[in-house]
Amino acid sequence: MSLDEDARWLEWVTKQFESIAGEDKEIDLDEFKTALKVKESFFAERFFALFDSDGSSTISLDELLKALNLLIHGSETDKLHFLFQVYDVDGSGSIDPDELRTVLKSCLRESAISLPEEKLDDLTLALFESADKDNSGSITFEELKAELESFPEVMENLTISAANWLKPPALEQKKRRTPRYLTPAYWHNNSRKLLFLCGYAGLNMLLFTVAALHHTPGGPWLMVAKGCGQCLNFNCTFVTVLMLRHCLTWLRATWVVRVLPLDQNILLHQMVGYAVFSFTLVHTAAHVMNFASLSQNEGAHRLWEYLFTTRPGIGWVGGTASITGVVLQLIISLMVVCSSTFVRRSGHFEVFYWSHLLYIWTWVLLVVHCANFWKWFVAPGVIFLLEKLVGIAMSHMGGLYIVEVNLLPSKVTHLVIKRPQFFHFKPGDYVYVNIPVIAKYEWHPFTISSAPEQQDTMWLHVRSMGQWTNRLYEYFRQSETQGVSTKRLTASLRDRRHLRTTQEDLFNSPSCNGSVASNKDDAIELTSYRPSGPPSGPPSGPPGAHVDQLALAERGDAPQLREISAKLSDNHRFCNIKCYVDGPYGTPTRQIFASEHAILIGAGIGITPFASILQSIMYRYRMRKQNCPNCSYSWCETIKDSEMKLRKVDFIWINRDQKSFEWFVSLLTKLEMDQADAEPEGRFLEMHMYMTSALSKNDMKAIGLQMALDLLAKKEKRDSITGLRTRTQPGRPEWSKVFQKIAEEKKGKVHVFYCGSPALAKIIKAHCEKFGFKFYKENF
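Residues numbered from 1 in each chain as written. Predicted model: local features only at pLDDT ≥ 70, side-chain atom pairs only at ≥ 80, totals over all residues. Heavy atoms only, no water.

Caption draft 1: Looking closely at the sheet that holds strand β4 (residues 444-447). The sheet built from 3 strands is open, its strands ordered β4-β3-β7 with antiparallel pairing. The open sheet has two free edges, formed respectively by β4 and β7 (580-585), since each of these has just one partner strand. The average undirected angle you get between the axes of adjacent strands in this sheet is 30 degrees. (Pairing = 2+ DSSP bridges. Helix = DSSP H or I, 4+ residues; strand = E, 2+ residues; numbered from the N terminus. Axes fitted to C-alpha atoms, helices over the stretch in contact; angles between N-to-C directions.)

Printed below as a string of structure tokens:
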């Protein structure tokens, strides 16, 4: 810091101290805990003891400034000495295993990570054995410093996070940056959308001008009303065109997708909806002003008669133009308000759903209100009607049933639906689902999370975020759910026990060379994972009954073994519940197989489209993978074809807590096993896991834990949090570093596909524009 910055920071810290300390101008332990905002009191007590240099059980301003000066301005050695004192609980000058275990246990609680006691012991021993260089049974300051030198990135910003009152205030940016919307990168990456919007705006201006000039004799208010009316004829039709899902899905497979922004149809639908609302307001206001002028000049009718009666005879159907106009204004206003983000994402999706069905009455009233609207609407209206009839017919064919349900952490309902033979979809597609036992007339959209190559069933993962989704979760949570088959559960339990016995025999057999899976745990993981992908070929081990049985279980070819995967508990059950499915409908993720280097980013339950895509990608990858018959060398054909041009896939999954990883951990484990062999050109699929609730590596409250997790992961070749081989990273991704690394790989044109919160989408999109990556957002 400069002298000015230092003085500014000192003034700010003093002010913060006074607000916390109160009248006595001293901070006690309780006040310190509240200000520090730590979950685990161990760290608050240790920090307090070190800050309280005179042992008075309170911290004065001088003591606080002295400690902060060390943490912010001190050298690496000063910071490390402070960290060592935190770990040295008894003040003996060394850290013994019990002290280290106590600290790591508090680190786990602070990072919201839950691990069994045995795993905590393993973490403690891994870190202790690595740091105790001389095997003396304790860790000295020099040994801790030497251990930390192997983690250089940790020392860059070593501090105490989650305590805003301890941090210096962020300095304001003096440089004025060019607005994002004016940068060349933004215009390059959004060229189709921007050109389309320019054409859309120009067409509206042309329609308005022609209609207004045609009614010049009626005065300025009538000109404005008629101009807006002509724009409404076009927009009320165009807003329907943007929702022709079957047509748009078909167009995504044609050259049109390279010209028109079909992937932005939802955004354009919303924009046109707001345009309809705006034109409606101006149209109504202009007519009111015109009626007011007529009532004053001619005096034949009063203003209220023009607005609320048929006496003036305005309109081509019984003079009802004014009355239908008022009703249309109310309906359109209600639809716009109920379509707002606040309503849709606040757990009241049903309000949006039912209010949006008013579009039927809107069309009827528009036909009655305006003599020319039907000419605009007849063609799109017929196509829309045909789409609806086809959708209803297809959804009621085949007799779809929910055959299995699994209740996952964070109130996610995993539905397994029997897939009809005629139902074909692409990875990342979504469907509308109706479950009569939950709500007879409601249809809700969800992404298909299984791969198209999975022939028998289709998966949906439903996050409980609204009334309908909560009712769905609670319905299957009940102990006495309709359709649960105890006979199937009994048979499944018997087959599961038989298979587990088979596994034990296989691994204890002298003929087993471990080629079926890398170890016993991997084989058990295979059977705990419900088969989702296509046959991956026979195992490489020696033939035999046990090996064939495991291969059948993994491939899903043995009917008697398909249900072994179920967790026989209250959270997993078989059922036979009628449902209807409308779709499938395409999404922007259909472009993934035309990419060369794809980055898939899922935030929370936003992984669902990528679960389907990853399975399909790995299926196509296995089809192109070649193995040398004379040695263990393997490679993947790099010839680009119409099916898949991908050369590299990076999958990034961001979750808030540890339990959320359980949604798809079995799937990700299987994908890792598909890539067990080292590839000469590097891994085709790389996974990156982030847990935002975990503290970062440069936080004093987590540095020991993250070091221990790294060491144990290298030793066991498995992450302690998820069980995957991919190490889970704490905190949020640093997108600049992530994208910079990807750009340096030079695997071809990079396309980024994202599904998750809109706030994060804006951040990722801005970084994509900076690096010149194409950005696609999953949205429906």
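Caption draft 2: Inspection of the pattern of salt bridges at higher detail. Enumeration according to the criterion identifies 12 salt bridges in this entry. The shortest N-O distance in the salt bridge between Glu117 and Arg101 comes to 2.4 Å. Note that Glu117 is positioned in helix α7 (residues 117-131) and Arg101 in helix α6 (residues 97-110), a separation of 16 residues in sequence. Where salt bridges share partners, they join Lys648, Asp650, Glu686 and Glu745 into one cluster. (Salt bridge = Lys/Arg side-chain N within 4 Å of Asp/Glu carboxyl O.)

Caption draft 3: Representation of a negative patch on the surface. Judged by side-chain charge, Glu23, Asp24, Asp28 and Asp30 come together as a negatively charged surface patch. Relative to the assigned elements, Asp28 resides in the loop between α1 (3-21) and α2 (29-36). For Asp28, a relative accessible area of 31% puts it in the partly exposed group. (Patch = residues over 30% accessible without salt bridge, like charges linked within 9 Å, V, L, I, M, F, W, Y side chains within 5 Å. Areas by Shrake-Rupley, 256 points an atom, 1.4 Å probe, with all protein chains shown as cover. Lys, Arg positive; Asp, Glu negative; His and termini not counted. Charge placed at Lys NZ, Arg CZ, Asp CG, Glu CD. Buried < 20%, exposed > 50% of the residue type's maximum accessible area, 1.4 Å probe, protein only.)

Caption draft 4: Representation of the UniProt feature "transmembrane region" (unreviewed entry) in the protein. Feature annotation in UniProt assigns "transmembrane region" (unreviewed entry) to the following positions: residues 194-212, 272-294, 314-337, 358-377, 389-409 and 598-621. The distance separating the terminal C-alpha atoms of residues 272-294 is 32 Å; by composition the span is 100% helix and 0% strand. A distance of 14 Å separates the end C-alpha atoms of residues 598-621, which is 58% helix and 25% strand. (UniProt positions renumbered as here; feature names shortened; annotations may be inferred.)

Caption draft 5: Quick look at the sheet that holds strand β1 (residues 401-408). One open sheet accounts for 4 strands, arranged β5-β2-β1-β6; its pairing is antiparallel. For this open sheet the edge positions go to β5 (457-463) and β6 (572-578), each flanked by a neighbour on one side alone. Between one strand and the next, the sheet's axes are offset by a mean angle of 25 degrees, whatever the strand orientation.

Caption draft 6: Looking closely at the side chain of Ser449. Here Ser449 is to be found in the loop between β4 and β5. A residue is classified by how much of its surface remains accessible, and Ser449, at 0% relative accessible area, is buried. A polar contact is formed between the side chain of Ser449 and the side chain of His461, at a distance of 2.8 Å. In this structure, Ser449 is in contact with Trp459, Leu460, His461, Thr608, Ala611, Ser612, Gln615 and Phe664, ignoring residues within four places of it in sequence. (Polar contact = N/O pair within 3.5 Å; in protein donor to acceptor, adjacent residues only side chain to side chain. Contact = heavy atoms within 4.5 Å.)

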